[in-house]
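Survey of secondary and tertiary structure
These are the residues of each chain, in order.
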Amino acid sequence: MVRSKKTTKPSHKNFEPKIVAFCCNWCSYPAADGAGVSRLQYPTNIRIVRVMCGGRVTPGFVLKAFELGADGVLVATCHFEDCHYMFGARRAADVHKITEKLAEMIGIEKERLKLDWISSAEATKFAKVATEFTEMVRKLGPSPIKKVATNNRNKIREGIE
Amino acid sequence: MGLNPYLFDIANIRNQCSWVHQKEPEKATEKAKELVKMSVARVRELTPLFMKEIPVNRDVVIMGGGITGLRCGIDLLMRGFKVRIIEKNDAAGGLVHDLSSIYPSFRPGKEVIDELVEEFTKRNGEIITSAELVDVTGYVGNFEVKLNVKGSEREFLVGAIVLATGSQLYNPGERFGYGRFPNVITNMELEKRIRANDIKDVQSVVFVQCVGSRGDDGNPGCSRYCCQAAIKEAIHLREQGIDVTILNRGVRVYSKGAERMYRKARELGVLFLPYEGEPEITGTGRAEQITVPSADLDAEISIPVDLIILSVGMVPAEDSLRLSELFKVPRGPDKFFLERHSKFGPVETTVEGVFLCGCCQFPQDIGDSISQASAVASKVAALLSRDKITLAPITSAVDEVYCRGCGRCAEVCEFHAIEIIEKEKGIYVAQVNEALCKGCGTCVAACPTGAIDLKHFMSEQIKAQLEALFG
Ligand SMILES: Cc1cc2nc3c(=O)[nH]c(=O)nc-3n(C[C@H](O)[C@H](O)[C@H](O)COP(=O)(O)OP(=O)(O)OC[C@H]3O[C@@H](n4cnc5c(N)ncnc54)[C@H](O)[C@@H]3O)c2cc1C
């Protein structure tokens with residue numbers, strides 16, 4: 001059988017995803033600072049939102065980011081063994097499982113969500129995760145929720161006008 | 001005076017933008033603009049916060065009456081604090097009590113301990129022996145400690161807690177013929193035999209280093225005391241005319257005076273043989289020969305022996321998990337207590353008011369333990385020399401209108417900062433103890449009604465950042 005050319009996936013080469021990264025104050029945020037100090041280069045797509053602990057990132061934050069137009073969301077915490085709040089990183093992992101389920105229910109591929117553990121000494125890891133996650137989301141293309149959310153918002157706006 | 005510090009935010013456009021996107025200036029500029037927008041949106045939602053003050057209890061409790069705990073206690077007594085040492089055994093002293101002599105001074109361990117105990121007691125310090133910690137509650141400046149002392153309960157208040165519970169020596173089990181051959185003993189047993197003058201009819205002694213250290217079973221790291229202790233013991237044996245060989249995986253002598261001690265041992269004729277793999281010990285009824293693959297030669301080396309000494313590593317004490325849970329002090333990957341920061345907070349823990357020194361943090365010799373003990377004493381003194389302690393204001397806060405008292409927040413809070421109280425008859429709400437709250441905000445992620453929020457990282461503040469980014 002010859003496959004029609006039309007079914008090949010559209011290329012997302014020029015697509016620049018927007019990615020929100022929730023970083024904890026003690027490990028991943030300083031790791032991102034460390035990446036700067038070492039001049040490690042990674043794609044510009046990531047916007048960091050600082051939180052005290054990864055365990056504070058509610059499913060609501062992540063879903064809100066997607067609703068507003070994020071193509072991917074990263075939650076970066078301390079490693080389990082040296083979490084500043086001892087159990088915060090584990091809590092983050094528990095909450096992340098719930099978030100993944102909720103995201104899946106509304107049609108967000110789970111590859112668009114990422115939880116990772118980056119200590120304050122792991123600047124290289126931060127740059128690597130930022131790069132790899134950006135490329136992963138770039139491959140996935142724009143978030144399916146983005147269009148729906150934008151349409152809805154536009155409709156609401158039109159309605160108001 | 002001036003601007004409230006909690007009305008301030010940094011748009012991190014240097015480390016997290018210009019420095020990491022040096023080859024994409026246009027994109028970096030766009031990103032920087034967005035970061036600034038996000039920051040401005042956040043600042044608009046911020047509210048001023050104020051430090052709170054709480055009173056401080058000036059007493060100190062030290063867990064563990066080894067050489068580290070005793071030294072720390074004396075330092076604190078000298079500064080005028082009331083100090084209690086909790087010791088689980090029936091006497092203070094720890095490992096050092098049983099050492100035949102201690103390098104670099106070569107004084108008997110017991111003599112040193114007796115002196116310290118005398119000074120501690122003379123200065124009105126109290127050593128509570130045969131005591132078991134039952135519970136500890138409270139927070140910096142106001143801890144409540146509950147003990148079981150020989151069956152009866154005892155309770156008191158302290159402002160700071162020092163952990164000096166030491167480590168435990170690695171148990172070789174049945175390895176190296178230990179337990180099977182009476183003449184295979186650990187270095188601690190050797191110390192006791194030397195003390196008791198109980199080394200007779202021995203012509204050849206072989207030490208096996210790194211038993212339970214450095215990737216062997218037990219401690220993944222170097223136990224840091226054993227090379228030097230073995231050299232000290234070897235010198236003593238050699239001076240009695242005994243042949244001594246130290247099978248090692250690299251000799252580490254780093255503490256003050258230790259290099260001199262090492263050279264002296266070599267001059268006296270102590271043999272140092274690097275080995276690889278597991279030594280094989282053979283004999284009938286007793287160990288007669290030890291065979292090891294040499295690290296340097298393509299050969300095995302066999303040595304006839306009368307006594308084999310296993311230089312065992314230090315591993316975390318059995319009850320360190322329990323203590324870690326009681327004090328909420330985390331343990332590292334090696335399961336020793338973890339300091340707040342290896343360089344910038346080496347004797348502090350993540351729990352304010354709880355400090356660490358000696359071998360409960362990592363294996364070390366007396367010199368290093370004492371430095372830490374004195375460092376802790378200054379830290380404690382700095383903390384408790386104030387009448388009041390200021391608390392950082394980033395804590396959780398409950399909106400009682402939305403709270404239905406389900407208790408999910410209290411369940412996830414590992415710092416026990418949240419309690420469910422009966423506000424009015426039949427109406428339960430969560431209450432945050434601001435002195436205990438560390439401000440992580442994991443409770444917020446657990447709350448099903450949105451009643452609890454984290455000050456300075458409020459949901460509205462973070463939402464504003466996201467809206468600014470995509471708006
Ligand atoms: C064979 C050998 C030879 C050594 N030779 C030397 C030497 O020559 N020179 C040198 O500098 N170092 C030497 N060391 C190292 C030295 O022993 C340690 O550095 C030192 O013991 C550390 O003291 P510490 O107080 O931290 O721990 P420890 O000596 O282990 O004391 C800990 C104390 O805490 C108590 N404790 C534990 N848990 C609890 C609890 N839950 N509640 C209440 N109390 C508790 C214990 O009973 C003990 O009294 C040697 C060690 C060994 C094993």
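Scroll up to find the structure this text is about.
Residues numbered from 1 in each chain as written. Chains lettered and ligands numbered in written order. Predicted model: local features only at pLDDT ≥ 70, side-chain atom pairs only at ≥ 80, totals over all residues. Heavy atoms only, no water.

What follows deals with the interface of chain A and chain B. Each partner contributes to the interface: chain A provides 43 residues, whereas chain B provides 46 residues. Counting the surface lost from both chain A and chain B, the interface buries some 3,900 Å², and carbon and sulfur atoms represent 63% of this. For E34 of chain B, the salt bridge is made with K18 of chain A, and the minimal N-O distance between the two is 3.0 Å. For the pair chain A and chain B, the number of links is 18 residue pairs in polar contact (both at pLDDT 80 or more). Of all the elements in the fold, those that place two or more residues in the side of chain A that touches chain B are β1 (19-24), α1 (28-37), β2 (46-51), α2 (59-68) and α3 (88-105) of chain A. Grouping the constituent residues of the side of chain A that touches chain B by class yields 24 nonpolar, eight polar and 11 charged. (Contact = heavy atoms within 4.5 Å. Buried area = accessible area lost by both parts, 1.4 Å probe. Salt bridge = Lys/Arg side-chain N within 4 Å of Asp/Glu carboxyl O. Polar contact = N/O pair within 3.5 Å; in protein donor to acceptor, adjacent residues only side chain to side chain. Helix = DSSP H or I, 4+ residues; strand = E, 2+ residues; numbered from the N terminus. Nonpolar A, V, L, I, M, F, W, Y, C, P; charged D, E, K, R; others polar.)

Before going further, it helps to spend a moment on the layout of surface pockets. For the second largest pocket, the calculated volume is near 640 Å³. Along the walls of the second largest pocket sit 28 residues, with H84 of chain A together with T350, E352, A392 and K438 of chain B positioned nearest its centre. Split by residue class, the lining of the second largest pocket holds 15 nonpolar, six polar and seven charged. (1 Å grid on protein atoms, 1.4 Å probe; cavity = no way out; pocket = protein on both sides within 12 Å on 5 of 7 lines; lining within 4 Å. Points joined across faces, edges and corners; volume = space filled by probe spheres on them.)

Okay, the sheet that holds strand β19 (residues 354-356) of chain B next. All names here are of chain B. Here we have five strands laid out as an open sheet, ordered β4-β3-β2-β8-β19, and parallel in their pairing. Whereas interior strands pair on both sides, the edge strands pair on one side only; in this sheet they are β4 (126-128) and β19. For this sheet the average axis-to-axis angle between neighbouring strands, irrespective of direction, equals 20°. (Pairing = 2+ DSSP bridges. Axes fitted to C-alpha atoms, helices over the stretch in contact; angles between N-to-C directions.)

Take the site of the ligand next. All names here are of chain B. Contacts to the ligand come from 37 residues, most closely from T68, E87, K232, Q364 and I366. K88 places a main-chain nitrogen or oxygen 3.1 Å from a nitrogen atom of the ligand. The separation between an oxygen atom of the ligand and a polar main-chain atom of C359 is 3.0 Å. About the coverage of the ligand: the protein hides 97% of its 990 Å² of free accessible area. Breaking the shell around the ligand down by element, the ones donating at least two residues are α3 (67-78), β9 (167-169), α5 (187-195), α6 (226-238) and α9 (366-384). Across the shell around the ligand, the residue classes break down as 16 nonpolar, 14 polar and seven charged. For the shell around the ligand, the two domains that each supply at least three residues are domain 2 (55-166 + 366-388) and domain 3 (169-313). (Near = heavy atom within 4 Å. Areas by Shrake-Rupley, 256 points an atom, 1.4 Å probe, with all protein chains shown as cover. Domains from an automatic or database assignment.)

On inspection of all chains with the given rule, the structure shows six aromatic pairs over all chains. Their ring planes at 80° and their centres at 6.3 Å tell us that W26 of chain A and Y85 of chain A sit as a pair that is edge-to-face. In this pair, W26 of chain A sits in the loop between β1 and α1 while Y85 of chain A sits in the loop between β3 (72-77) and α3, placing the two residues 59 residues apart along the sequence. Ring-pair connections join several aromatic residues into one group, and the members of that group are W26 and Y85 of chain A together with F415 of chain B. (Phe/Tyr/Trp six-rings, centres within 6.5 Å; stacked < 30°, edge-to-face > 60°.)

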